[in-house]
Amino acid sequence: MKQALLELLSQAVQQLQAKTVIPADTTPAIQLETTRDPAHGDLATNLAMAVAKRAGISPRDLAPQIIAAIPANTIISKAEIAGPGFINFFLAKAAATAVIGDVLQGGARFGCNSDGAGNKVQVEFVSANPTGPLHVGHGRGAALGDCICRLLQANGWTVTREFYYNDAGGQISNLALSVQAHCKGILPGQPHWPEDGYRGEYIADVAVAYMAGNAIVAEDQHVVGASDPQDLDAIRHFSVAYLRREQDHDLRAFGVEFDVYFLESGLYTSGKVEQTVEALVGSGYCYEQEGALWLRSTEFGDDKDRVMRKTEGGYTYFVPDIAYHVDKWQRGFKRVINEQGADHHSTITRVRAGLQALNIGIPKGWPEYVLHQMVTVTRGGEEVKISKRAGSYVTLRDLIDEVGQDATRYFLAARAPNSQLTFDIDLARSRSNDNPVYYIQYAHARVCSVMQKLEQQGFSYNQQHGLDKLGMLDNDNEKALVKRLGDYADIVRKACSGSEPHLVANYLKDLAGEFHGFYNNHKVICEDPSLRAARLSLSLAVGQVIRNGLALLGVSAPEHM
């Protein structure tokens, strides 16, 4: 319905442009917002205020002309001018309730659109170093990244999910040394234990598997433990494969899968890092100073130039990142979204500076970034900091085992990425209305129970009869539910355009609240067969939208609770 009204407003603007009331070169982005107070109508626009200055008249004088230019239609029952020039629209009842039929007809596809037109987009997320189990921060990245992919697909994009493995560098060396120490019988805290070694129990597990000659199959790698505690290279390869496999298992248990696994080491073995450095030197944006190679990143908005190759040799961490993104560009991804932790913030300017310095057609602001803040886990009001297995942090597997996949995914995606998140284990496990995921799933189960009770009481449901009688839905609870259903498609668009899955989570909580209020105040299986059919149609539409929204979050919609 909102899209139909937007089209009517667009036609009104065109008519006023033809009459030279609005300049022809003015192409306003028409906005429609759902009103908070039903007394102010159903939808409101600030269109008059947005174009009044260009038109040379006041918003209050322009608003009536916009209303008059709207083509004849069956959507709007009344339009009012409010405040400095807002236009409030009251929808005709049949137009408002039409969303119920749209939901039932659209089914699982309701709320989806073709805005992306099938264009390719790559989303890189999680990208954890294969040095240990995934922690809750990785879990938040997994939940957000996967939800962003689902939203993009719902909006018509062709999505590639990618995981970048940092399998080169100092952390991998520390991993190998830690496993080697265990293979030699050296434990954390004992003499000769690596200074920066990893101390979690999982290191012992890797060492035992390596010495036992176990075979590890992890995506594109098949590694067999060499059982030789002196062969550090063999230990390194085995350890990376072992922990990659463990991370893969955790992600699958979380309902997350990837299309592409990309190894950092491949950038070196293929020569792409050296090729990128040579191209940057050739671009004229590099210089030598004190034996180091520098990038003039200040030319592209950085606060200071950055070292690319250190005096003692070896590249700094952002150099392979530039090469990696050149590879993404060469693979044809004109749109790329990186979902990462907030600690990657400093990387953004450097990577973008390097890409711009190459002058190969990559636009400014490419790639896009979604950065998430840290997660604090609490139980009994106290912060939980340590996992026995990991040794120093709470793992994603800990949360899944404690509260289940659904609650873990919902809680990790239900806040804006740039907000810090407190994961309350007690709340996530509770079967109460205070637990938002339980509250939403319970609303869906209630819809299912209504249909079961209908059959038990000897009644049947005729969908067409229900749709024909939607005009009987006139109490405040029913109107609120209808209005909320009408917001869903717009929420899916907004959540996608801003990479904000929490908008869907919040919407579902509000929809569930509206339904619980309706269910508690009104009898769905009532005596009047026409009203019963209408309320059943409304209830089924609510259930369908809850299923669709939960699917975007990767959360199940149970029929029983």
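Just above sits the structure.
Here is what the cut-offs are and how they apply
Residues numbered from 1 in each chain as written. Predicted model: local features only at pLDDT ≥ 70, side-chain atom pairs only at ≥ 80, totals over all residues. Heavy atoms only, no water. Core = buried A, V, L, I, M, F, W, Y, C linked by side-chain atoms within 4.5 Å. Buried < 20%, exposed > 50% of the residue type's maximum accessible area, 1.4 Å probe, protein only. Contact = heavy atoms within 4.5 Å. Pairing = 2+ DSSP bridges. Helix = DSSP H or I, 4+ residues; strand = E, 2+ residues; numbered from the N terminus. Axes fitted to C-alpha atoms, helices over the stretch in contact; angles between N-to-C directions. Parallel < 35°, antiparallel > 145°, perpendicular 65-115°, else oblique. Left-handed = near helix turned anticlockwise from the far one by under 90°. Nonpolar A, V, L, I, M, F, W, Y, C, P; charged D, E, K, R; others polar. Polar contact = N/O pair within 3.5 Å; in protein donor to acceptor, adjacent residues only side chain to side chain. 1 Å grid on protein atoms, 1.4 Å probe; cavity = no way out; pocket = protein on both sides within 12 Å on 5 of 7 lines; lining within 4 Å. Points joined across faces, edges and corners; volume = space filled by probe spheres on them.

### Points about the nonpolar core
For step 1, the next point in the chain: Core analysis: the biggest nonpolar cluster contains 89 residues, and I100, V126, V377, Y410, F423 and L485 have the highest contact counts within it.
For step 2, the next point in the chain: Residue contacts for Y410: discarding those within four places in its chain leaves P436, V437, I440, A505, K509, L553 and V555.
For step 3, the next point in the chain: Counting 29 residues, the second largest nonpolar core, distinct from the first, contains F262, V319, A323 and V336.

### Considerations on the sheet that holds strand 11 (residues 292–295)
For step 1, the next point in the chain: Taken together, the three strands give an open sheet; going across it, the order is 10-11-12, and neighbouring strands pair in antiparallel fashion. The open sheet is flanked by strand 10 (286–289) and strand 12 (306–309), the only strands paired with a single partner. Strand-to-strand, the axes of this sheet are offset by a mean angle of 45°, without reference to chain direction.
For step 2, the next point in the chain: Inspection of the sheet shows strand 11 paired to strand 12 by three bridges, in the antiparallel sense. Along strand 12, the bridge assignment pairs W294 with V307.

### Thoughts on the packing of helix 5 (residues 136–154) against helix 18 (residues 476–497)
For step 1, the next point in the chain: Running from N to C, helix 5 and helix 18 point in directions that differ by 125°, and their axes come no closer than 9 Å. Considered as vectors, helix 5 and helix 18 are oriented oblique to each other. For the pair helix 5 and helix 18, the sense of crossing is left-handed. Here L151, L152 and A154 of helix 5 lie close against helix 18, whose contacting residues are V492, A495 and C496.
For step 2, the next point in the chain: Residues belonging to the contact of helix 5 with helix 18 are distributed by class as follows: six nonpolar, no polar and no charged.

### Considerations on the side chain of K2
For step 1, the next point in the chain: Along the chain, K2 turns up in helix 1 (residues 2–18).
For step 2, the next point in the chain: A distance of 2.9 Å separates the side chain of K2 from the side chain of D490, its partner in a polar contact.
For step 3, the next point in the chain: The contacts of K2, once residues within four sequence positions are left out, are L32, E33, T34, L43 and D490.

### Structural notes on the layout of surface pockets
For step 1, the next point in the chain: The computed volume of the second largest pocket comes to approximately 1200 Å³.
For step 2, the next point in the chain: In terms of lining, the second largest pocket is formed by 43 residues, of which the most central are T34, K483, R484, G486 and D487.
For step 3, the next point in the chain: Among the secondary structure elements, those contributing two or more residues to the lining of the second largest pocket are helix 1, strand 1 (33–34), strand 4 (86–91), helix 4 (93–106), helix 18 and helix 19 (502–521).
For step 4, the next point in the chain: Sort the elements by how many residues they give to the lining of the second largest pocket and helix 18 lands first, with 13 residues.

### Focus on the pairing of strand 4
For step 1, the next point in the chain: With respect to burial, strand 4 is a largely interior element, five of its six residues being buried.
For step 2, the next point in the chain: By the bridge criterion, three bridges tie strand 2 (residues 43–45) to strand 4 in an arrangement that is antiparallel. The residue bridging T45 from the neighbouring strand is I87, located in strand 4.
For step 3, the next point in the chain: Of the strand pairs in this sheet, strand 3 (residues 76–82) and strand 4 are connected by six bridges, and their pairing is antiparallel. What sits directly across from I76, in strand 4, is L91.
For step 4, the next point in the chain: Counting the residues between successive antiparallel strands, the hairpin from strand 3 to strand 4 contains three residues, one of them, G83, with a positive phi of roughly 55°.

### Quick look at the sheet that holds strand 17 (residues 421–424)
For step 1, the next point in the chain: Spatially, 16-15-17 is the arrangement adopted by the three strands of the open sheet, whose pairing is mixed. The open sheet has two edge strands, strand 16 (382–384) and strand 17, and neither has a second partner. Here the strands of the sheet are splayed against their neighbours by 45° on average, with no regard to which way each runs.
For step 2, the next point in the chain: Relative to strand 17, strand 15 (residues 375–379) runs parallel, the two being bridged by four bridges. Note that in strand 17 the partner of V375 across the bridge is L421.

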